[in-house]
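Coordinates in review
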There are 4 protein chains.
Amino acid sequence: MSTTPRTARGTRTRARLVEAAEQVFASVGYHDASIVKITEQAGVGLGTFYLYFDGKQAIFDEVVEDLNRRVRQAMTEAAKAAANRIEAEREGFRAFFRFTAEHPALYRIIRQAEFVSPGALRMHYTRIVHGYVEGLKAARDAGEIRPMDVDTVAWALMGIGEMLGMRWVLWHADREGGGPAPEIPEAEFEEMMRFIERGMAPEAPADGGGA
Amino acid sequence: MSTTPRTARGTRTRARLVEAAEQVFASVGYHDASIVKITEQAGVGLGTFYLYFDGKQAIFDEVVEDLNRRVRQAMTEAAKAAANRIEAEREGFRAFFRFTAEHPALYRIIRQAEFVSPGALRMHYTRIVHGYVEGLKAARDAGEIRPMDVDTVAWALMGIGEMLGMRWVLWHADREGGGPAPEIPEAEFEEMMRFIERGMAPEAPADGGGA
Amino acid sequence: MSTTPRTARGTRTRARLVEAAEQVFASVGYHDASIVKITEQAGVGLGTFYLYFDGKQAIFDEVVEDLNRRVRQAMTEAAKAAANRIEAEREGFRAFFRFTAEHPALYRIIRQAEFVSPGALRMHYTRIVHGYVEGLKAARDAGEIRPMDVDTVAWALMGIGEMLGMRWVLWHADREGGGPAPEIPEAEFEEMMRFIERGMAPEAPADGGGA
Amino acid sequence: MSTTPRTARGTRTRARLVEAAEQVFASVGYHDASIVKITEQAGVGLGTFYLYFDGKQAIFDEVVEDLNRRVRQAMTEAAKAAANRIEAEREGFRAFFRFTAEHPALYRIIRQAEFVSPGALRMHYTRIVHGYVEGLKAARDAGEIRPMDVDTVAWALMGIGEMLGMRWVLWHADREGGGPAPEIPEAEFEEMMRFIERGMAPEAPADGGGA
DNA sequence: AATGAATGAGAGTTCATTCAT
DNA sequence: GATGAATGAACTCTCATTCAT
């Protein structure tokens, strides 16, 4: 997006701007995030911003894109180590919560995207759901979960993750000087997983089959 | 909040302003919603605004408060007619979806509240969750759902509702001239309910009740 | 053009802005004439400007319109008192030079209009020429000047007036603190009139009518 | 002006910049002509500009100088071939119109010079007038035109040429995609020449001196 | 000789808010 | 109670110019 630097120095500067923008958007929101604040945070001159971005919305889109890529990678990475599908789902969720706890920017930024950049909002959710859908389809075909419309369930899962994560992260962020939000407590996480796993569990065999 | 009118004429004017603000916030977002736009939409002079509200944020809080009250009322009303707790949950959800389909303002406005008015955001979610929690506790005590940490599950339910509703409402709003978003399709609604009901269902008796 | 004031106070303010703009445009040119300079000169706040004008170009157009109207009126007024057509032309020219000596803004502003507002440029010249054309047609029909394409000659006359006036006014303006430019010297004016009058004079009778 | 190149390569680069500047100034005007646009048009790097010019005004002066030299050369060249002074004047004018039709830049640029570079403006007009004055003096001494203040008449002639040329060139430029402006029509040119020639014609001998 | 990344003063413009009417 | 003229801080963005490479 926007202009690509032609030198190594330019590449470094551009990256500093994206990083700074993420921090500023996360701390004061899109509208109070002035270009001046972003460039100050990045330690570059005001005019430098316009060397690499067409405007505030352009860098916003890039920040969303960047965060989206990173959260999905964190989830994929975590799921890889899992023994089975259920375990994968578990680890994916855990990674999601961990990531958002470390990057409150994700919530704070995404929730503003609706008016700022509807395309970015949609892209973000759609891509994450896509990851769930793939996993759910495989699980369904393997009989690990019951037959279902995976699309609907995938959106539901994302809703659960977002709401619980938001509650945890944002509530904590509200506390002054709360430092980095702690991870979601284990008990709550387990309660959520029980809800999800039962919601997707295969039908119990009619009468246990047994004699 | 803000100043209370002393005459009937004043009361009318104030109400017109709140209604106008809901429309303007919903269509252009908080930051692009200027006081001028709101007063024009309300058909009153610019200065009149400050007779009744301390500023933009004050009327925003009031709009959130108003929408929150109305959506909860719609849900309560719908649940009343239900035969049992499960049915009540069902009807509550349905009412929620119906309300948001008719008032896309709810999503559009709430999602901006984070930076505009964190207190309003929290109030909105907390109150809705409160309704769920009450219902879930009663259902749990009645044995209609399994023993659980109703708080966590209540937030999860709200996450599901918000995400599926948002997807439906916002996606449709994106379509040009799509008119009012249709209600969520029955099949999808049922899939969601299956997921929720199984997630909360009581333990099957150990061996099917046998001998 | 732009927004019309609704109160007497507003009308006064708007007029002050137009007057200030004329002065600022004349002294520093369109591009160096910032809105701040104009509002300072007018003694009003910066934001006030945008209550009445859409932007810099809008007030520029209005200034051109205003000057154009005034210079034409000065010329018409002067010509009225003349005994015959030739005299009228003479007095018109004199009025033109007098006006531009008193309002150097006319040259300085018009000459910038080409890129700023081509429409305004054209309007200005076309209207002035229109005045000449009317006068020339009448003179031609009355046999006071020879048959000719009055349109071409009208443009030529305007060219003469503009160039001699510009030379006089601008050259003087260049001298620091030269004060208001003096009027064009009588000898030069007469030389110019001789040139013009001969250029338009009716054919001398074939052989002087002889006896 | 500015820095002189030391190598042949440098000379080429500098010339490319002047040519590019003429085009850019003519198409968007002095103020919208950024150095970036000029260097892009010239196909050189931004920094290269400052190797040869002190700034925007410096290259502007050079462009004016260049155009002035060329238009005068075209006029001189054309006049050379003429049989007599009147014919020379005719051909000079014709060359002037032809040149400006081919280089609308002349008008567009000169008319901006007033605030950009008053010296350049003056130089341009003064030099052209100088050519007329020389010709007129000779004609006057030869009795081809009447005794007159050649200076005033020379400025008048230039005014005529500029106004008629401007009207023709600029009006055409306004028409979208009008391509290069056509030359001024013959009939109009002749009308103008009739006006000029009569304006300068020697006194008709009182009655032929007779008897 | 040539380049383009970097800069910041200054431009045009918006808008929440005040206040005299 | 109602109005809208007035304000100026703060915003986004441009561009002539410098300088290290």
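Residues numbered from 1 in each chain as written. Chains lettered and ligands numbered in written order. Predicted model: local features only at pLDDT ≥ 70, side-chain atom pairs only at ≥ 80, totals over all residues. Heavy atoms only, no water.

**Quick notes on the interface of chain B and chain A**
Going by this rule: For this analysis, residues touch if any pair of their heavy atoms sits within 4.5 Å. Buried surface area refers to the total accessible area, computed with a probe of radius 1.4 Å, that the two partners give up upon joining, counted for both partners together. The rule for a salt bridge is simple: a side-chain nitrogen of Lys or Arg has to be within 4 Å of a carboxyl oxygen of Asp or Glu. For the purposes of these results, a polar contact is taken to be a pair of N or O atoms within 3.5 Å, where, inside protein, one atom must be able to donate a hydrogen and its partner to accept one; residues adjacent in sequence count only when each atom of the pair is a side-chain atom. Each helix corresponds to a stretch of at least 4 residues labelled H or I by DSSP, and each strand to a stretch of at least 2 residues labelled E; elements are numbered beginning at the N terminus.
Facing the 49 residues of chain B at the interface are 49 residues of chain A. Buried area between chain B and chain A, summed over both chains or domains, comes out near 4,100 Å², and the portion from carbon and sulfur atoms is 63%. One salt bridge in this structure joins Arg-111 of chain A and Glu-162 of chain B, with 3.8 Å as the shortest N-O distance. Summed over the shared surface of chain B and chain A, the number is 13 residue pairs in polar contact (both at pLDDT 80 or more). When contributions to the side of chain B that touches chain A are tallied by element, the ones reaching two or more residues are α1 (8-28), α6 (105-110), α7 (113-116), α8 (118-141), α9 (150-174) and α10 (186-200) of chain B.

**A closer look at the protein's contact with DNA strand F**
What counts here: For this purpose, a residue is taken to be near a molecule or strand whenever a single non-hydrogen atom of the residue falls within 4 Å of it. Throughout, the ten residues Ala, Val, Leu, Ile, Met, Phe, Trp, Tyr, Cys and Pro are labelled nonpolar, Asp, Glu, Lys and Arg are labelled charged, and all others, Gly among them, are labelled polar.
Around DNA strand F, a shell composed of 34 residues is seen, among which Tyr-52 of chain B together with Thr-13, Gly-45, Thr-48 and Tyr-52 of chain C lie nearest. Near the protein, meaning within 4 Å, the atoms of DNA strand F are sugar or phosphate in a fraction of 64%, with bases accounting for the rest. In this structure, Thr-13 of chain B approaches DNA strand F through a side-chain N or O atom, which is 3.0 Å from a phosphate oxygen. Contact distances for DNA strand F include 2.8 Å between a phosphate oxygen and a backbone N or O atom of Ile-35 of chain D. Taken together, the elements giving at least two residues each to the surface near DNA strand F come down to α3 (46-52) of chain A, α1 and α3 (49-52) of chain B together with α1 (8-28) and α3 (46-52) of chain C. Examining the composition of the surface near DNA strand F, we find that five residues originate from one element, α3 of chain C, more than from any other. Class assignment for the residues of the surface near DNA strand F results in 16 nonpolar, 13 polar and five charged.

**Points about the protein's contact with DNA strand E**
Surveying the vicinity of DNA strand E reveals 34 residues, the closest of which are Thr-13, Gly-45, Thr-48 and Tyr-52 of chain A together with Tyr-52 of chain D. Take the atoms of DNA strand E that sit within 4 Å of the protein: sugar and phosphate atoms are 64% of them. Between DNA strand E and Gly-45 of chain A, the relevant distance is 2.5 Å, taken from a phosphate oxygen to a main-chain nitrogen or oxygen of the residue. In this structure, Ile-35 of chain B approaches DNA strand E through a main-chain N or O atom, which is 2.8 Å from a phosphate oxygen. Looking at the surface near DNA strand E, the elements with two or more residues in it are α1 (8-28) and α3 of chain A, α3 of chain C together with α1 (8-28) and α3 (49-52) of chain D. Split by residue class, the surface near DNA strand E holds 16 nonpolar, 13 polar and five charged.

**What to know about the relation of the copies chain B and chain A**
Note the following rule: Alignment of the copies relies on least squares applied to C-alpha atoms, considering only residues that score at least 70 for pLDDT in both.
For the pair chain B and chain A, the relating rotation is 180°, the translation along its axis is 0.1 Å, and the fit reaches an RMSD of 0.2 Å. Look at the turn and shift together and you get a two-fold axis relating the two. Both copies share a contact surface, since 98% of the interface residues of chain B are interface residues in chain A too.

**Here we look at the UniProt feature "domain: HTH tetR-type" (unreviewed entry) in chain A**
The criterion, for reference: UniProt positions are given in the numbering used here, feature names are shortened, and annotations may be inferred rather than shown by experiment.
The residues that UniProt annotates with the feature "domain: HTH tetR-type" (unreviewed entry) are residues 11-71 of chain A. Taken end to end, residues 11-71 of chain A comprises 80% helix and 0% strand; its first and last C-alpha atoms sit 23 Å apart.

**Observations concerning the relation of the copies chain C and chain D**
Two copies of the chain are present, and they differ by a rotation about an axis and a shift along that axis. Expressed as a screw transformation, the operator carrying chain C onto chain D has a rotation angle of 180° and an axial translation of 0.0 Å, and the superposed copies differ by an RMSD of 0.2 Å. Looking at chain C, 98% of its interface residues are interface residues in chain D too, so the copies touch through the same face.

**Examining the interface of chain C and chain D**
On the chain D side, the residues contacting the 48 residues of chain C number 49 residues. Buried surface at the junction of chain C and chain D, both sides included, amounts to about 4,100 Å², of which 63% is carbon and sulfur. It is Arg-111, Phe-115 and Phe-195 of chain C in chain C that bury the most area against chain D; as a group they hold 19% of the surface buried on that side. Here chain C and chain D share ten salt bridges between them. Note that Asp-151 of chain D is salt-bridged to Arg-167 of chain C, the shortest N-O span being 3.1 Å.

**Things to note about the pattern of salt bridges**
The condition that has to hold: Classification of residues uses two cut-offs on accessible area relative to the type maximum, computed with a 1.4 Å probe and protein chains only: under 20% is buried, over 50% is exposed, and between them is partly exposed.
Within the structure shown, the criterion is met by 79 salt bridges over all chains. Between Arg-146 of chain D and Glu-191 of chain C there is a salt bridge, with its nearest N and O atoms 3.4 Å apart. Of this pair, Arg-146 of chain D sits in the loop between α8 (118-141) and α9 (150-174) while Glu-191 of chain C sits in helix α10 (residues 186-200), each in a different chain. Residue classification places Glu-191 of chain C among the buried residues on the basis of a relative accessible area of 5%. Here Arg-70 of chain D and Asp-66 of chain D are joined by a salt bridge, their closest N and O atoms 2.9 Å apart. Taken together, the positions of Arg-70 of chain D and Asp-66 of chain D, both in helix α4 (residues 56-80) and four residues apart, correspond to about one turn of that helix. Each member of the salt-bridge network shares a partner with another, and the members are Arg-90, Glu-91, Arg-94, Glu-186, Glu-190 and Glu-197 of chain A.

**Description of the packing of α1 of chain A against helix α2 (residues 35-42) of chain A**
Residues and elements named next belong to chain A. What counts, and what does not: The axes are straight lines fitted to the C-alpha atoms, using for helices just the contacting stretch, and the angles between their N-to-C directions are given from 0 to 180°. For this classification, under 35 degrees means roughly parallel, over 145 means roughly antiparallel, 65 to 115 means roughly perpendicular, and everything else is oblique. Here is the rule for handedness: rotate from the far helix to the near one, and if that takes an anticlockwise turn smaller than a right angle the crossing is left-handed, while a clockwise turn gives right-handed.
Following both chains from N to C, one finds α1 and α2 inclined at 120°, their axes separated by 8 Å at the closest point. For the element pair α1 / α2, the angle class is oblique. When the axes of α1 and α2 are compared, the crossing they make is right-handed. Contact residues: Arg-16, Leu-17, Ala-20, Ala-21, Gln-23, Val-24 and Phe-25 in α1; Lys-37, Ile-38, Thr-39, Gln-41 and Ala-42 in α2. Taken together, the residues that form the contact of α1 with α2 break down as seven nonpolar, three polar and two charged.

**Brief notes about helix α5 (residues 85-102) of chain B**
Residues and elements named next belong to chain B. Condition: Any helix carries an expected span of 1.5 Å times its number of residues minus one.
Helix length check: α5 (18 residues) gives 26 Å between terminal C-alpha atoms against 26 Å at 1.5 Å per residue, within 8%. Along α5, the residues that are buried comprise Glu-89, Arg-90, Gly-92, Phe-93, Arg-94, Ala-95, Phe-96, Phe-97, Phe-99, Thr-100 and Ala-101. In this structure Asn-84 caps α5, since a side-chain oxygen of it lies 3.3 Å from the backbone nitrogen of Ile-86.

**Remarks on the environment of His-130 of chain B**
All names here are of chain B. Relative to the helices and strands, His-130 is located in helix α8. The exposure class assigned to His-130 is partly exposed, which follows from its relative accessible area of 49%. As for His-130 and Val-18, which are separated by 112 residues in sequence, their C-alpha atoms are 26 Å apart.

**Things to note about the domain arrangement of chain A**
One widely used convention gives an interface's size as the accessible area the parts lose upon coming together. All names here are of chain A. What counts here: Domain start and stop positions are those given by an automatic or database domain assignment.
For chain A, the assigned domains are domain 1 (1-54) and domain 2 (56-200). One C-alpha centre belongs to domain 1, the other to domain 2; they are set 27 Å apart. Counting from both sides, the interface comprises 17 residues of domain 1 and, opposite them, 18 residues of domain 2. Note that Glu-22 is salt-bridged to Arg-70, the shortest N-O span being 3.1 Å. In this assembly, domain 1 and domain 2 are joined by seven residue pairs in polar contact (both at pLDDT 80 or more). Among the elements that line the side of domain 1 that touches domain 2, the one with the most residues is α1, at seven residues. Taken together, the residues of the side of domain 1 that touches domain 2 break down into eleven nonpolar, three polar and three charged.

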